[in-house]
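This is what each chain is made of:
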Amino acid sequence: MKPDGKVVLLGDVNVGKTSLLQRYTERRFRDTASTVGGAFCLRQWGPHSISVWDTAGREQFHGLGSMYCRGAAAVILTYDVTNWQSILELEDRFLALTDTASADCIFAIVGNKVDLTDAFAFLPETEGERQPPEQPINSLISTKLKKQVHMSDAIALYKKILKYKMLDEKNAPAAEKMCFETSAKTGYKVDHVFETVFEMVVPVILQQKTEGSLQTVDLNNIKTTKNIQSSCCK
Ligand SMILES: Nc1nc2c(ncn2[C@@H]2O[C@H](COP(=O)(O)OP(=O)(O)OP(=O)(O)O)[C@@H](O)[C@H]2O)c(=O)[nH]1
Ligand SMILES: [Mg+2]
């Protein structure tokens, strides 16, 4: 069966795209191999089936990105909060790949690996999403990294995307709603990202279905016209 809508995860190598999807679908964090090409899984969201595509961040597979994005109802642009370059890459390398996405495509920006940062211990807990620390908090703090990308950077990128897509900020979903920080390792906010995106793609799917059925009608009309023409010419 053809899925009703498509959601695509894009982002640089190693930012945690596969881990996020695995955390969401399998409810666990385990070793991943760098993705080759792309892979998808299907999720049922109410009456709609949605395919979620995990793509490869590696440069050698870059050309495939726009193919995976074709007709996408949503794109999740993913970066690593401990790696400044990874958010730059979203703008420089990945944004153009979304040119093939649906005109109404929803954009979400996700900063992953927040568990690695010194700020993580102070984030509010989300029920059932955080695991208890394996080590005492003191030893954890000493191994933490400095956060290189902040929420304000993601919000600035989101606004640039709206400009790039020539969308009016007033009509698009608010940047604060579409920028997230996650940890695939602990599960922090992972469900929240996917559920928010799924919720928001439903109207896009319905719109795509309407356009699809209109196209069918158009095609029939063209056929009829052609038939008439050919019979006239006989
Ligand atoms: N600490 C921590 N490590 C993570 C997190 N997410 C992913 N990782 C680790 O980061 C590495 C890369 O994760 P992947 O999920 O394979 O990254 P990817 O974006 O799919 O990479 P490509 O498939 O090569 O594009 C792995 O070693 C993961 O275990 C996270 O939230 N926290
Ligand atoms: Mg991967």
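One can find the structure itself at the top, above this paragraph.
Residues numbered from 1 in each chain as written. Chains lettered and ligands numbered in written order. Predicted model: local features only at pLDDT ≥ 70, side-chain atom pairs only at ≥ 80, totals over all residues. Heavy atoms only, no water.

Visitor: Just checking my understanding: could you explain the site of ligand 1 for this structure?
Guide: Lys-17, Ser-19, Thr-32, Ser-34 and Asp-115 are the nearest of the 21 residues found near ligand 1. Gly-16 places a main-chain nitrogen or oxygen 2.9 Å from an oxygen atom of ligand 1. Per-element accounting of the shell around ligand 1 gives the leading share, three residues, to helix H1 (residues 17-26). Residue composition of the shell around ligand 1, by class: six nonpolar, ten polar and five charged. (Near = heavy atom within 4 Å. Polar contact = N/O pair within 3.5 Å; in protein donor to acceptor, adjacent residues only side chain to side chain. Helix = DSSP H or I, 4+ residues; strand = E, 2+ residues; numbered from the N terminus. Nonpolar A, V, L, I, M, F, W, Y, C, P; charged D, E, K, R; others polar.)

Visitor: Looking at this structure, how should I read the coordination of the magnesium ion (ligand 2)?
Guide: For a metal with four tetrahedral donors the ideal donor-metal-donor angle is 109.5 degrees, whereas six octahedral donors ideally subtend 90 or 180 degrees. On the protein side, the magnesium ion (ligand 2) has Thr-18 (OG1) and Thr-35 (OG1) as donor atoms, found 2.0 Å from it. Within this pair, whereas Thr-18 is found in helix H1, its partner Thr-35 is found in the loop between H1 and strand E2 (38-45), the two being separated by 17 residues in sequence. Like Thr-35, Thr-18 is buried. (Donors = N, O, S within 2.8 Å, 3.2 Å for Na, K, Ca; no water. Buried < 20%, exposed > 50% of the residue type's maximum accessible area, 1.4 Å probe, protein only.)

Visitor: Looking at this structure, I do not really get the sheet that holds E2. What am I missing?
Guide: The strands that make up a sheet pair up through hydrogen bonds in the backbone, lying either parallel or antiparallel. Judged by pairing direction, the sheet is mixed, and its six strands sit side by side in the order E2-E3-E1-E4-E5-E6 without closing on themselves. Edge positions in the sheet fall to E2 and strand E6 (179-181), since each has one partner strand and no second. Taken pair by pair, the neighbouring strands of this sheet meet at an average axis angle of 20 degrees, ignoring direction. With eight bridges joining them, E2 and strand E3 (residues 48-55) adopt antiparallel strand pairing. When the sheet's bridge partners are listed, Gln-44 is paired in E3 with Ser-49. (Pairing = 2+ DSSP bridges. Axes fitted to C-alpha atoms, helices over the stretch in contact; angles between N-to-C directions.)

Visitor: In this structure, what is going on with the environment of Leu-157? I would like to understand it.
Guide: Of note, Leu-157 is situated in helix H5 (residues 151-164). Remark: the alpha-carbon pair of Leu-157 and Ala-74, spanning 83 residues in sequence, is separated by 16 Å. Among residues more than four places away in sequence, those in contact with Leu-157 are Ile-87, Leu-90, Glu-91 and Ile-109. (Contact = heavy atoms within 4.5 Å.)

Visitor: Would you take a moment to explain the pattern of salt bridges for this structure?
Guide: Pairing is possible between side chains that carry opposite charge, provided their charged atoms lie close to one another. For the structure on display, the rule yields eleven salt bridges. Linking Asp-80 and Lys-113 is a salt bridge whose minimum nitrogen-to-oxygen distance equals 3.7 Å. Pair noted here: Asp-80 is in strand E4 (residues 74-80) and Lys-113 is in the loop between strand E5 (106-112) and helix H4 (137-142), with a separation of 33 residues, a long-range link. Of the charged contacts in the structure, one is a salt bridge between Asp-99 and Lys-165, with a shortest N-O distance of 3.9 Å. (Salt bridge = Lys/Arg side-chain N within 4 Å of Asp/Glu carboxyl O.)

Visitor: I tried to follow H5 on my own but got confused; where do I start?
Guide: An α-helical turn contains 3.6 residues, so a residue and the one three or four places further along point in the same direction. For H5, with 14 residues, the first-to-last C-alpha span of 20 Å sits near the 20 Å given by 1.5 Å per residue. Of all the residues in H5, the buried ones are Ala-154, Ile-155, Leu-157, Tyr-158, Ile-161 and Leu-162. Around the axis of H5, the buried residues are gathered within 160 degrees of arc, so they sit on the same side. If you follow the buried residues of H5, they end up packed against E4, helix H3 (84-94), E5, helix H6 (175-178) and E6. Downstream of H5 by a residue or two, Met-166 has a phi angle that is positive, lying close to 55 degrees. (Expected span 1.5 Å × (residues − 1). Arc of directions from axis to C-beta.)

Visitor: Quick question: what am I supposed to make of the side chain of Asp-80 here?
Guide: Given a relative accessible area of 6%, Asp-80 falls into the buried group. Not counting residues up to four positions away in its chain, the partners in contact with Asp-80 are Val-15, Ser-86, Asn-112, Lys-113 and Val-149.

Visitor: I tried to follow the packing of H3 against H5 on my own but got confused; where do I start?
Guide: Helix-helix packing: each pair is described by the crossing angle between the helix axes and the interaxial distance. Contact pair H3 / H5: the axes reach a minimum separation of 11 Å and the direction vectors enclose 10 degrees. Taken together, the axis directions place H3 and H5 in an arrangement best described as roughly parallel. The segment H3 lies against H5, with Trp-84, Ile-87, Leu-90 and Glu-91 engaging Asp-153, Ala-154, Leu-157 and Lys-160. Here the contact of H3 with H5 is composed, by residue class, of five nonpolar, no polar and three charged. (Parallel < 35°, antiparallel > 145°, perpendicular 65-115°, else oblique.)

Visitor: Just to check I follow, could you spell out the state of the cysteines for this structure?
Guide: A covalent bond bridging the sulfur atoms of two cysteines is what the word disulfide describes. This structure, assessed with the given rule, holds zero disulfides. Unpaired in terms of disulfides, Cys-41 finds its nearest cysteine sulfur in Cys-69, a separation of 16 Å. Here Cys-179 is not cross-linked by a disulfide; its sulfur's nearest cysteine counterpart is in Cys-105, at 14 Å. (Disulfide = S-S within 2.5 Å.)

From the geometry alone we can't say anything about function, so treat these as descriptive.
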